[in-house]
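# Architecture at a glance
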Amino acid sequence: MWRNRSADPKRQHADGSRWRPKAPRPMCAPSPGLRRVMALLAAALVSAAAWEEQEEQGVQYGQVGADVVLSCAGGAARSGVQWRREGAAGLPEGCLLRETDLLLPQAQLAMGGPYSCHDGTGQLLRSISLRLGYLPGVPSVSCRASDYENFSCSWTPSVETLLPTRYITTYRKKSLMGDERRRPQSSQAGPCVQDPARPHTCTVHQCEFWSSYRLNVTEVNPLGSRFRLLDVTMQAIIKPDPPEGLVVEPVPSAPRRLQVRWRYPASWPRELHFQLKFRLQYRPVAHSSWSVVETVNLSEVITDAFTGLEHVVQVSAKDFLDAGNWSEWSTEAWATPGPGLTSAPGDEATTEAGLECPAEEPSLAPNPEPVDGSDPTEKVTILVSLGVFAFFILAAALGIAVAVWLRERRPSKDESKKHNFLAAAVHVRTLPKAQIL
């Protein structure tokens, strides 16, 4: 019975743990690292198969500076094989004919092109289009997250190979110790999806904001492959898109104020735990220095604008907890406080200061109004409250001082008794002796 079970390979594999408890199990469940290597190898083999198919169709690739051998198929059975180079009077200088093969020692770019081999009668045996280039270099990769759920990576090749090139992009989630047992292995690795509309770019979807990832970008061409590994932390690479819908308007009856409003970028999902903060920069168009204000609101009032001068305004965004980097500045918006016209982003700002003259000339002196956009009435209220509080503290301190002083002036009970006893003694001494008797 034991022999029958062992003789059945299917049944032996299915019940191996029962009959052969020491049998190696990794053959049924390869490790995640092995899986990733197998996936990369499979992709590379697919690419190599495609290029081999091109070679069969008459295209051969070679490395610049290395020896290249062109073989004449079917020439071994024939004598008098001749090689020709189309469009040239002869073969490149330094070529060597070895039986039916043509050797190009230390091939240069100029040696590329169409070649053909013929038999002694001139009959064509094979045509080869030789393409020369370079091995891939290690690509330069950078990543950015425009929200807290996805991140994208882009790369640039470090070497212009002059050959058809493909990229294999994968990622692996870097797990904490013991995390592999709690999570399925399928969630630890996957492809970084490439977008044909955006060359040299890939995206990892449904990420975890507090996790780290290792990205692999492999450049492959017919001569070989090189890869770059990059560790990515979401908190470090997050950079929101610029805020949208920026609008700047003058405030009625406030010749030195501008009302600014904007919206969250459409790419940033609105959730309670992932908010944005903003910084606002503004200046008169005629000046070069910016004033900057930070806020967590979607609107702000500029209180120190110059009356009658056109101002330019921009806004940028960052994660509320300071993770990552500030976004790029939004498109510009223009407005003129007091008399003047308002212009939206993309429109030309037109003001006619000559038609609507301000009551007084704009001054370039520092404005006494607060720069942070808070209401001056609120500050006066705070100052009054602090004054009242200080008055009560001073009155209380004065009362305590008076009480202590009065206590020091009042005689104690022991001193009073001693004083009364001495007075009585003096009174007794002054009495006549007869009275005492």
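In this text the structure is predicted, and so the values were computed from the model without any measurement. (Residues numbered from 1 in each chain as written. Predicted model: local features only at pLDDT ≥ 70, side-chain atom pairs only at ≥ 80, totals over all residues. Heavy atoms only, no water.)

## Observations concerning the state of the cysteines
- Enumeration according to the criterion identifies three disulfides in this entry.
- Between the sulfur of Cys192 and that of Cys202 lies a disulfide, 2.1 Å long from S to S. Here Cys192 and Cys202 share a disulfide; its torsion about the S-S bond, 90°, makes the bridge right-handed. Taken together, the positions of Cys192 in the loop between strand S11 (189–191) and strand S12 (193–194) and Cys202 in strand S13 (residues 201–204) put the pair ten residues apart, joining distant regions of the chain. Take Cys192 and Cys202: they sit in the same class, and that class is buried.
- For the protein chain, the bonded cysteines connect in the pattern 1-2, 3-4, 5-6 when numbered consecutively along the sequence. (Disulfide = S-S within 2.5 Å. Helix = DSSP H or I, 4+ residues; strand = E, 2+ residues; numbered from the N terminus. Buried < 20%, exposed > 50% of the residue type's maximum accessible area, 1.4 Å probe, protein only.)

## With respect to the confidence of the model for the protein chain
- The predicted model of the protein chain has a mean per-residue pLDDT of 76, with 67% of residues at 70 or higher.
- The low-confidence segment residues 421–428 (pLDDT under 50) makes one contact with residues lying over four places distant or belonging to another chain. (pLDDT = per-residue confidence, 0-100. Contact = heavy atoms within 4.5 Å.)

## Details of the pairing of strand S8 (residues 140–144)
- Burial of the side chains of S8 is restricted to one face: Val141 and Cys143 are buried, whereas none of Ser140, Ser142 and Arg144 on the reverse face is.
- Where S8 meets strand S9 (residues 151–156), five bridges bridge the pair, whose relative direction is antiparallel. Within S9, the residue paired with Ser142 across the bridge is Ser154. (Pairing = 2+ DSSP bridges.)

## Structural notes on the side chain of Asn216
- Tracing the backbone through its elements, the reader meets Asn216 in strand S14 (residues 212–221).
- By relative accessible area, Asn216 is classed as buried at 11%.

## Looking at the packing of aromatic side chains
- Inspection of the entire model under this criterion finds ten aromatic pairs.
- Where Tyr148 meets Trp268, the ring centres are 5.3 Å apart and the plane angle is 75°; that geometry is what we call edge-to-face. Taken together, the residues Tyr148 in the loop between S8 and S9 and Trp268 in the loop between strand S17 (258–263) and strand S18 (276–284) connect sequence positions 120 residues apart.
- Judged by relative accessible area, Tyr148 falls into the buried class, the value being 4%.
- For Trp268, a relative accessible area of 3% translates into the label buried.
- Consider the rings of Phe209 and Trp210, whose centres lie 4.8 Å apart with planes at 85°: the pair is edge-to-face.
- Among the residues examined, Phe209 registers a relative accessible area of 6% and is labelled buried.
- Take Trp210: its relative accessible area is 64%, and that puts it in the exposed class.
- Among the aromatic residues, ring-to-ring pairing joins Tyr148, Phe209, Trp210, Trp268 and Phe274 into one connected group.
- Stacked on the ring of Trp290, the Lys or Arg Arg283 has its end atom at 4.6 Å from the ring centre. (Phe/Tyr/Trp six-rings, centres within 6.5 Å; stacked < 30°, edge-to-face > 60°. Lys NZ or Arg CZ within 6 Å of the ring centre and 35° of its normal.)

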